[in-house]
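One-letter residues, chain by chain:
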Amino acid sequence: MIAQHPDRDQILLENVLAALGNPLRLRIVGVLADGGEHTCGSILDGVSKSTLTHHWRVLRDSGVIWQRPSGRENLLSLRRDDLEARFPGLLPALLTAVAPD
């Protein structure tokens, strides 16, 4: 069972920044920034399932990602519109700062 996602107005800056303060979670957001939905196992290689599950929970509970069940998989996507509405310019600035040269 997937926990409830916070509503747009419940997304707090301190939770988003705490979630994105981890380099692995920033990499995940970088992958999700393409705008598509990704299965949990297709985002990062070489990271244990339990570790990824923890990171999905932190990102979901902070309001950074959507996670929805689809058969035996969970699909992940970035809450770009919600984040932009709450904190204009934050996500593009972070993605630009962490983009590879």
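Note that the structure is a prediction, hence the values are computed from the model and not measured.

Turning to the pairing of strand E3 (residues 73–78), a few remarks are in order. Strand residues, when the strand is regular, have side chains that alternate between the two faces of the sheet. The sheet contact formed by strand E1 (residues 38–39) and E3 spans two bridges and is antiparallel. Within E3, the residue paired with histidine 38 across the bridge is leucine 76. Bridge count between strand E2 (residues 65–70) and E3: six bridges; the pairing is antiparallel. Within the sheet, the bridge partner assigned to arginine 68 lies in E3 and is leucine 75. Here E2 folds back onto E3 in antiparallel fashion, the turn holding two residues, of which glycine 71 has a positive phi close to 65°.

Geometrically, a pair of aromatic rings is defined through the distance of the ring centres and the angle of the planes. Taken as a whole and assessed by the stated rule, the structure comprises zero aromatic pairs. The ring of tryptophan 66 carries the charged tip of arginine 79 above its face, separated from the ring centre by 3.9 Å.

This part takes up the sheet that holds E1. The strands making up a sheet associate through hydrogen bonds between their backbones, and the pairing can be parallel or antiparallel. With antiparallel pairing, three strands are arranged side by side in an open sheet as E1-E3-E2. The outermost strands of the open sheet, each flanked by one partner alone, are E1 and E2. Relative to E3, helix H2 (residues 23–32) is tilted by about 85°, and along the sheet it contacts E1, E2 and E3. Contacts from helix H3 (residues 49–62) reach E2 and E3, with the element oriented near 120° to E2.

Now for the packing of helix H1 (residues 13–20) against H3. It is the contact of H1 with H3, at a shortest axis distance of 9 Å, that shows an interaxial angle of 160°. One finds that H1 runs roughly antiparallel with respect to H3. As H1 runs across H3, the sense of the crossing is left-handed. Of the residues in H3, those in contact with Asn15, Val16, Ala19 and Leu20 of H1 are Val58, Leu59 and Ser62. Its residues assigned to classes, the contact of H1 with H3 shows five nonpolar, two polar and no charged.

For H2, the set of buried residues is Leu24, Arg25, Leu26, Ile28, Val29 and Leu32. Residues of H2 that are buried in the fold lie against H1, E1, H3, E2, E3 and helix H5 (90–98).

Those residues of H1 lying buried are Val16, Ala19 and Leu20. Around the axis of H1, the buried residues are gathered within 90° of arc, so they sit on the same side. Exposed side chains of H1 directed beyond 90 degrees from the buried face belong to Glu14 and Ala18. Those residues of H1 that are buried are in contact with H2, H3, helix H4 (80–86) and H5.

Rules and cut-offs
Residues numbered from 1 in each chain as written. Predicted model: local features only at pLDDT ≥ 70, side-chain atom pairs only at ≥ 80, totals over all residues. Heavy atoms only, no water. Pairing = 2+ DSSP bridges. Helix = DSSP H or I, 4+ residues; strand = E, 2+ residues; numbered from the N terminus. Phe/Tyr/Trp six-rings, centres within 6.5 Å; stacked < 30°, edge-to-face > 60°. Lys NZ or Arg CZ within 6 Å of the ring centre and 35° of its normal. Contact = heavy atoms within 4.5 Å. Axes fitted to C-alpha atoms, helices over the stretch in contact; angles between N-to-C directions. Parallel < 35°, antiparallel > 145°, perpendicular 65-115°, else oblique. Left-handed = near helix turned anticlockwise from the far one by under 90°. Nonpolar A, V, L, I, M, F, W, Y, C, P; charged D, E, K, R; others polar. Buried < 20%, exposed > 50% of the residue type's maximum accessible area, 1.4 Å probe, protein only. Arc of directions from axis to C-beta.

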